[in-house]
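Working through the structure, step by step
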2 protein chains.
Amino acid sequence: MNREIFICSNCPMTRTMATIGTKWKPIIIYALGNRTLRFGELHVRIDTISRKVLTDQLRELTEDGIIQRSPAQDSSRKVEYRLTEKGLALLPIMNMLTEWNLRYNESEI
Amino acid sequence: MNREIFICSNCPMTRTMATIGTKWKPIIIYALGNRTLRFGELHVRIDTISRKVLTDQLRELTEDGIIQRSPAQDSSRKVEYRLTEKGLALLPIMNMLTEWNLRYNESEI
DNA sequence: AAGTCTAGTAACCTTTAAGTAACCAGAAAA
DNA sequence: TTTTCTGGTTACTTAAAGGTTACTAGACTT
């Protein structure tokens, strides 16, 4: 009965990657930070993403409860996005990832 | 001169994702943890990955300095892998990610 | 010697996330 | 009225990560 072997096929890391492990979600989360931004503002900041993909990813992040979409206060056609509490809890982790990368992959000696 | 706009197309998060943002790397790092494992042991733990992809990703992680590959001490044909200091620095961040996921996506109320 | 183990490798295929281009409709501005 | 803005949507394509299958060679075991 060797059930002690750690099986990672459905381990916490695998499940976590299934939720946020796409190319653009971490970048969108990072770009939002603790600001509230309109679609267009996000698109300017992440200027290499297509509007299609940005739309798709924003919708998924909204459905997953990581960001919140609401009409902009000064306009009915503009919408704005911001991180929810759930999303904000991710931010420091994202920041730590970038610090790790800065330190280990980008520092010049 | 509006250079204050934060452009994320080559921001820290984008660069970080370029280095570790693939399907299997975070999972491999998590599965290794602070252990030293042989190829076959890793494969048992991540049992849904193909040997081809495991080999590929292990080689990239080795080239990136995140893991270290060395002959096993008790055998010349077996090789073992472990996280480097650089890789170990990632581990707590990975753990935090899974804790986040556990708390926000998997908790039953 | 034959069979098994070990960590791959090669050739090719599949999947799907991401990308391209064109279009849309309502609201707002000129 | 026309044009621009805004946040999409649609139809299709592309790229590449990941997967499948078969094979390899040396080391080890029977």
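As a starting point, this report considers the structure included with it.

Cut-offs applied
Residues numbered from 1 in each chain as written. Chains lettered and ligands numbered in written order. Predicted model: local features only at pLDDT ≥ 70, side-chain atom pairs only at ≥ 80, totals over all residues. Heavy atoms only, no water. Helix = DSSP H or I, 4+ residues; strand = E, 2+ residues; numbered from the N terminus. Rg over C-alpha atoms; globule rule 2.2 N^0.38 Å. Buried < 20%, exposed > 50% of the residue type's maximum accessible area, 1.4 Å probe, protein only. Contact = heavy atoms within 4.5 Å. Lys, Arg positive; Asp, Glu negative; His and termini not counted. Charge placed at Lys NZ, Arg CZ, Asp CG, Glu CD. Expected span 1.5 Å × (residues − 1). Near = heavy atom within 4 Å. Polar contact = N/O pair within 3.5 Å; in protein donor to acceptor, adjacent residues only side chain to side chain. Nonpolar A, V, L, I, M, F, W, Y, C, P; charged D, E, K, R; others polar. Pairing = 2+ DSSP bridges. Phe/Tyr/Trp six-rings, centres within 6.5 Å; stacked < 30°, edge-to-face > 60°.

Before going further, it helps to examine the overall build of chain A. The helix and strand tally for chain A stands at six helices and three strands. Shown N-terminal to C-terminal, the secondary structure of chain A runs as helices and strands in the order α-α-β-α-α-β-β-α-α. Rg of the C-alpha trace for chain A: 17 Å, well past the compact-globule value of 13 Å for 109 residues, more than 25% over. Principal-axis analysis of the C-alpha atoms places the extent of chain A at approximately 65 × 45 × 25 Å. Looking at chain A as a whole, 41% of its 109 residues are labelled buried. In chain A, the share of contacts with a sequence separation of at least 24, taken over all contacts with a separation of at least 6, comes to 46%. Each charge class in chain A can be summarised by its mean position, and for the 16 positive and 13 negative side chains these summaries are 5 Å apart.

For helix α6 (residues 91-105) of chain B, spanning 15 residues, the distance from its first C-alpha to its last is 21 Å, which sits close to the expected 21 Å at 1.5 Å a residue. All of the buried residues along α6 of chain B are L91, I93, M94, L97, T98, W100 and N101 of chain B.

With that out of the way, let us pick up the protein's contact with DNA strand C. Around DNA strand C sit 22 residues, and of these K23 and K52 of chain A together with R51, R77 and Y81 of chain B come closest. Between DNA strand C and Q57 of chain A, the relevant distance is 3.4 Å, taken from a phosphate oxygen to a side-chain nitrogen or oxygen of the residue. Between DNA strand C and the protein, one listed contact pairs a phosphate oxygen with a side-chain N or O atom of Y81 of chain B at 2.2 Å. When residues of the surface near DNA strand C are traced back to their parent elements, those giving at least two are α4 (51-63) of chain A together with α3 (39-45), α4 (51-63) and β3 (79-83) of chain B. Across the surface near DNA strand C, the residue classes tally to five nonpolar, six polar and 11 charged.

Residue and element names in this part refer to chain A. Reading across the sheet, the three strands line up as β1-β3-β2 and stay open at both edges, with antiparallel pairing between neighbours. Pairing within the sheet leaves two strands with one partner each, and these edge strands are β1 (37-38) and β2 (67-71). As judged from the two bridges shared by β1 and strand β3 (residues 79-83), these two strands associate in the antiparallel manner. If you follow L37 over to β3, its bridge partner there is Y81.

Another aspect to go through is the packing of aromatic side chains. All names here are of chain A. In the structure shown here, the tally under the stated rule is two aromatic pairs over all chains. Aromatic pair W100 and Y104: ring centres 6.1 Å apart, planes at 40 degrees, arrangement tilted. With W100 and Y104 both in helix α6 (residues 91-105), this residue pair falls four residues apart, about one helical turn. Classification of W100 by relative accessible area gives buried; the value is 3%. In this structure Y104 comes out as partly exposed when scored by relative accessible area, which is 22%.

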